[in-house]
Amino acid sequence: MAMRPGVILLREGTDTSQGKAQLVSNINACQAVADAVRTTLGPRGMDKLVFDGRKVTISNDGATIMKLLEIAHPAAKTLVDISMSQDAEVGDGTTSVVLLAGDILKHMKPFVEEGVHPQIIMRNVRNAGRLGVEKVKELSIPFDTTTPEGKEMLLKTASTALNSKLISSHKDLFAPMVVKAVQALDDGGNLDDLMSLIAIKQIPGGDVRQSFLVNGVAFKKTFSYAGFEQMTKKFKDPKVLLLNVELELKSEKENAEVRITDPEQYQSIVDAEWQVIYNKLDACVSCGANIVLSKLPIGDLATQYFADRGMFCAGRVEDGDIKRVAKATGGTVQTSTNGLSDGILGTCGGFEERQVGDERFNVFTECPVSQTSTIVLRGGSEQFIAESERSIHDALMVVKRSLKSRSVVAGGGAVEMEVAKYLKEHALTIQGKGQLIVSAFAKALEVVPRQLCDNAGYDSTDILSALRRKHYQDEDGKWFGVDIINGGICDTFDLGVWEPSDNKSNSLSAAAEAACVILSIDETVVNPKSQDPGAQATGMMGGQQSMSNMMGGAMDMVNAQKGGSRSGNLGNGVSWMQGRGGG
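A short tour of the structure in this document, coming up. (Residues numbered from 1 in each chain as written. Predicted model: local features only at pLDDT ≥ 70, side-chain atom pairs only at ≥ 80, totals over all residues. Heavy atoms only, no water.)

### Brief notes about helix H6 (residues 148-163)
Because an α-helix packs 3.6 residues into every turn, residues spaced three or four apart end up facing the same way.
Here comes step 1: For H6, which comprises 16 residues, the first-to-last C-alpha distance of 22 Å matches the rise-based estimate of 22 Å (1.5 Å per residue) to within 8%.
Here comes step 2: All of the buried residues along H6 are Gly-150, Met-153, Leu-154, Thr-157, Ala-158, Ser-159, Thr-160, Ala-161, Leu-162 and Asn-163. (Helix = DSSP H or I, 4+ residues; strand = E, 2+ residues; numbered from the N terminus. Expected span 1.5 Å × (residues − 1). Buried < 20%, exposed > 50% of the residue type's maximum accessible area, 1.4 Å probe, protein only.)

### Describing empty space enclosed by the protein
Here comes step 1: In this structure the tally under the stated criterion is 2 cavities of 30 Å³ or more.
Here comes step 2: Reported here for the largest cavity is a volume of approximately 70 Å³.
Here comes step 3: What lines the largest cavity is simply Thr-222, Phe-223, Ser-224, Tyr-225, Phe-228, Ile-298, Thr-303, Cys-313, Ala-314, Gly-315 and Arg-316.
Here comes step 4: By volume, the second largest cavity amounts to about 50 Å³.
Here comes step 5: Every residue along the wall of the second largest cavity is listed here: Leu-100, Val-136, Val-415, Glu-416, Val-419, Leu-445, Lys-504, Ser-507 and Leu-508. (1 Å grid on protein atoms, 1.4 Å probe; cavity = no way out; pocket = protein on both sides within 12 Å on 5 of 7 lines; lining within 4 Å. Points joined across faces, edges and corners; volume = space filled by probe spheres on them.)

### Quick look at the side chain of Thr-40
Here comes step 1: Relative to the elements of secondary structure, Thr-40 occurs in the loop between helix H1 (20-37) and strand E2 (48-51).
Here comes step 2: Residue Thr-40 is classed as buried on the basis of its relative accessible area of 2%.
Here comes step 3: One polar contact links the side chain of Thr-40 to the main-chain carbonyl oxygen of Val-37, over a distance of 2.7 Å.
Here comes step 4: Apart from the residues within four sequence positions on either side, Thr-40 is in contact with Gly-45, Met-46, Lys-48, Asn-60, Ile-65, Thr-95 and Asn-455. (Polar contact = N/O pair within 3.5 Å; in protein donor to acceptor, adjacent residues only side chain to side chain. Contact = heavy atoms within 4.5 Å.)

### Brief notes about the pairing of strand E7 (residues 216-220)
Here comes step 1: For E7, the buried fraction is high: 4 of the 5 residues fall into the buried class.
Here comes step 2: Bridge count for E7 against strand E14 (residues 359-365) is 5 bridges, and the pairing is antiparallel. Along E14, the bridge assignment pairs Val-217 with Phe-364. (Pairing = 2+ DSSP bridges.)

### Observations concerning the packing of aromatic side chains
Here comes step 1: Tallied over the entire structure, the rule returns 9 aromatic pairs.
Here comes step 2: Where Phe-235 meets Phe-351, the ring centres are 6.4 Å apart and the plane angle is 40°; that geometry is what we call tilted. Taken together, the positions of Phe-235 in strand E8 (residues 234-236) and Phe-351 in strand E13 (residues 350-356) put the pair 116 residues apart, joining distant regions of the chain. Phe-351 shares its class with Phe-235; the two are buried.
Here comes step 3: Look at Trp-479 and Phe-493: their rings are 5.5 Å apart centre to centre, the planes differ by 25°, and that puts the pair in the stacked class. Residue Trp-479 is located in the loop between helix H16 (460-473) and strand E17 (480-482), and its partner Phe-493 is located in helix H17 (residues 492-495); the two are separated by 14 residues in the primary sequence.
Here comes step 4: Assessed through its relative accessible area of 15%, Phe-493 is described here as buried.
Here comes step 5: In this structure, Arg-309 is placed above the aromatic ring of Tyr-305, and the distance from its NZ or CZ to the ring centre is 3.6 Å.
Here comes step 6: For Lys-470, the ring lying beneath its charged end belongs to Phe-480, and the centroid distance is 4.6 Å. (Phe/Tyr/Trp six-rings, centres within 6.5 Å; stacked < 30°, edge-to-face > 60°. Lys NZ or Arg CZ within 6 Å of the ring centre and 35° of its normal.)

### A short note on the packing of helix H3 (residues 77-89) against helix H4 (residues 94-113)
Here comes step 1: Across the interface, H3 lies against H4 with an axial gap of 8 Å and an inter-helix angle of 145°. Here H3 runs over H4; the crossing is right-handed. Along its contact with H3, which presents Leu-79, Ile-82, Ser-83, Gln-86 and Asp-87, the element H4 presents Thr-94, Val-97, Val-98 and Ala-101.
Here comes step 2: Looking at the contact of H3 with H4 residue by residue, the class counts come to 5 nonpolar, 3 polar and 1 charged. (Axes fitted to C-alpha atoms, helices over the stretch in contact; angles between N-to-C directions. Left-handed = near helix turned anticlockwise from the far one by under 90°. Nonpolar A, V, L, I, M, F, W, Y, C, P; charged D, E, K, R; others polar.)

### Quick notes on the nonpolar core
A general trend in soluble globular proteins is that nonpolar side chains are found buried together.
Here comes step 1: Core analysis: the biggest nonpolar cluster contains 111 residues, and Met-108 and Val-125 have the highest contact counts within it.
Here comes step 2: Counting the residues that make up this core, at least three belong to each of domain 1 (15-142 + 410-524) and domain 2 (148-214 + 377-405).
Here comes step 3: Beyond its immediate stretch of four places on either side in the chain, Val-125 contacts Ile-104, Met-108, Ile-437, Phe-441, Ala-512, Ala-515 and Cys-516.
Here comes step 4: Counting residues in each nonpolar core, the second largest holds 41 residues, with Leu-247, Ala-289, Ala-302 and Cys-348 among its members. (Core = buried A, V, L, I, M, F, W, Y, C linked by side-chain atoms within 4.5 Å. Domains from an automatic or database assignment.)

### Structural notes on the environment of Glu-273
Here comes step 1: Here Glu-273 lies in helix H9 (residues 263-286).
Here comes step 2: When the C-alpha positions of Glu-273 and Leu-249 are compared, they lie 7.6 Å apart, and in sequence the two are 24 residues distant.

### Here we look at the sheet that holds strand E12 (residues 346-347)
Here comes step 1: Taken together, 4 strands build an open sheet; the order of strands is E11-E10-E9-E12 and the sheet is mixed. Since the sheet does not close on itself, it has two edges, and those belong to strand E11 (312-314) and E12, each with one partner.
Here comes step 2: The pairing of strand E9 (residues 239-243) with E12 spans 2 bridges and is classified as antiparallel. Directly across from Val-240, in E12, lies its bridge partner Gly-346.
Here comes step 3: The strands touched by helix H11 (residues 319-329) within the sheet are E9, strand E10 (291-294) and E12, with E9 carrying the most contacts at an inclination of about 140°.

### A closer look at the state of the cysteines
Here comes step 1: All chains considered together, the criterion is met by 0 disulfides.
Here comes step 2: Here Cys-348 stays free of any disulfide, with the sulfur of Cys-367 as its closest cysteine sulfur at 5.2 Å.
Here comes step 3: In this structure Cys-348 comes out as buried when scored by relative accessible area, which is 3%. (Disulfide = S-S within 2.5 Å.)

This is how it looks when you write it as structure tokens:
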């Protein structure tokens, strides 16, 4: 399905009424947003093609779609926010959280229309959300990551995260990559630095199965000068010097005046400039480095100088790549070439410049601090690789969250059905309107298994009826969810569809909180634009603004009389202009 950003819920259509009408309007807006991503849920979810006027994005990631749609409705933006927070916190479940919030509001709408006070609804929604989170924690199964079973659990959670992605058919390749990269971080106690220490590089072309993991650092060859091909491209146990220094011959920038009495004195000034750069290069060589990397340019003189001495250099290296190399090799980035010693140099087992597709990559392997990793992605088109990167990011975050929570629950709608059953039973213990509201909240949770069925083309009514019967009547039915492959129900835990318990807890609490925020709004106040263009500025600036507007208006009138305005306004009697010539 193709969509344009901004077509949903433009600000001009915002309802500014008060009370019940405002609540109903906001609920309708949120449902429209949920409908935009509804069909992307699950392994059989469809993709959305979003065109923003410049770039085409194909994705079924809820957070990506919500971000690209540029939703302008003030209340509906809350759903964008919870999708973003879910993406940042857990990485996966961004579509689920939007659907849950949308359906909770949909089931609360009749209570609003019947005149139940929003505060009563909010109180019970919050209570139901809290009980749901507690039930998820109670259902969750802990695991130990140091055991083979624990590692298998991590692989299953990564595979489940990749199930609903474009690269789901290649999860046997990517899931072990993701787990290996994240576990290296966990062993070193740097799990929170996941985004800075694990790099994902994209190389268009080739087959997706040619993607690979580097246990170290890999980055694309930087811009290079003459003499680059003469450098040594492979080292064993090299010493790495990291700089934030420009190694380029540059003339003096300052506006200084130097008076000379003899032409030979001019040559001494030129020689001094050359001596500065040679002193820097000599310092790099004498410290014993084999590889010199710098964030700033390394010029043609320096390139040839290092090549003659059997060294390798690269300038204009990205900040993130330099930091990863520093972390992996144990080196320290220097801002000066003075006083370089052995202690600031990094080292690794091997360095090689390797050809990958049409690109050359500088690869550092067997690093002493084996925490950094680089995943190199291949694929046929840019859109495919971009979506692959988003999928890998989600899987990385899910494995990270699994390592932190160290507990999992079954997916496929099983948890939602079990929590819904628990809330319906709990609702019977509540007196008054709260009973109906908590029961409606429980009904809203069934949107996840229902949508999974609809997206796979199965009859959701039959499957949901079978799920309810299994969960309510059988003691061993708590892990039964939707069987996407065969159509029907199955024990999703036995099938290996596992998700971190934090994923579900965060989804439930965020959706309930978002619903409460929407229900607490009883009026939208739109700041009216000033009628006088010069009234926005005050004092002297205000006068200048007004004068410039007056002058602009006067020029428009004069130009219009001559047959056309230079300001973009059409002249008198002209209703349409085609092309540049107006003909």
